[in-house]
Amino acid sequence: PAGLTAVIIKGNDSTLTFSFSGKATNNTALNNCKVIIQFLNTSVSDGDTSLVAIHTDSIQIYFRDVLTVAHSGADFTSIGSAISASSAFDIIELAADTFTESGFYFAQPLYFMGKGANKTIIQANAVPFKNTGNNAPMFQVYNNDTNATIFNNLTIQNGFCYNSIEATGGAVFSPNATLTFFNCRIANNEAISTGGTQAFGAGVCGTLVKMYDCEISGNITDNDSHSGIRYGGG
């Protein structure tokens, strides 16, 4: 990309270090691109790259846009509208406000950045353990890779997942992608299976979850008076 200089440095016969320097002239999500690295015959001593195990490779460059969300004075007034406008790896920067909304469904890794767990609050309802009518996790992340969706410096609370067969994740649910939380509070979320089959992960439900300096409290799984299986309120 214009403005960046690519450099490859040989460390030894089996190691190369590839890096960029400079600043991309055009650096929005519209400028995402693939960079192909190809070694020509002249780059090897015997003049034949076909003998090299990997002589062509590529990396994908993603430029992150920052989308601000606040009740006033920002790019968006709701989290849902910012998610709808986002691209993979974008940063959704949340103000020190309380956002009462839920039902976020997306299929790309995103970075949600708040101003502190006691300042930026995302809630499905102002009252905990109340059916919001959405009947689904507040955040549903459906990208099918290990790229992490990140939550940083915020609270996610009062989510309510209500399902007749299987209730998963009152606050955040992801069946495949990595979920990473820094300095977050996941509180007072509920997952209820009305048919008594199973309910699990009322706070966070995912195949790979990483948490650093987080509080998980007051989350509940239930089977609506049935005898089904309940796993992990938190």
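A short tour of the structure in this document, coming up. (Residues numbered from 1 in each chain as written. Predicted model: local features only at pLDDT ≥ 70, side-chain atom pairs only at ≥ 80, totals over all residues. Heavy atoms only, no water.)

Our next topic: the environment of Y105. Among the secondary structure elements, Y105 is positioned in strand β8 (residues 104–106). Residue Y105 is classed as exposed on the basis of its relative accessible area of 54%. In sequence terms Y105 and N152 are 47 residues apart; their C-alpha atoms lie 18 Å from each other. In contact with Y105, other than residues within four places in its own chain, are Q140 and Y142. (Helix = DSSP H or I, 4+ residues; strand = E, 2+ residues; numbered from the N terminus. Buried < 20%, exposed > 50% of the residue type's maximum accessible area, 1.4 Å probe, protein only. Contact = heavy atoms within 4.5 Å.)

Taken as a whole and assessed by the stated rule, the structure comprises two salt bridges. Linking K115 and E93 is a salt bridge whose minimum nitrogen-to-oxygen distance equals 3.3 Å. Remark: E93 occurs in strand β6 (residues 91–94) and K115 occurs in the loop between β9 (111–113) and β10 (121–123); sequence separation between them is 22 residues. In this structure, E215 and R185 form a salt bridge, with 3.1 Å as the shortest nitrogen-oxygen distance. Residue E215 is found in strand β21 (residues 215–217), and its partner R185 is found in strand β17 (residues 185–187); the two are separated by 30 residues along the sequence. Note on E215: relative accessible area 36%, which makes it partly exposed. Residue R185 is classed as partly exposed on the basis of its relative accessible area, which comes to 27%. (Salt bridge = Lys/Arg side-chain N within 4 Å of Asp/Glu carboxyl O.)

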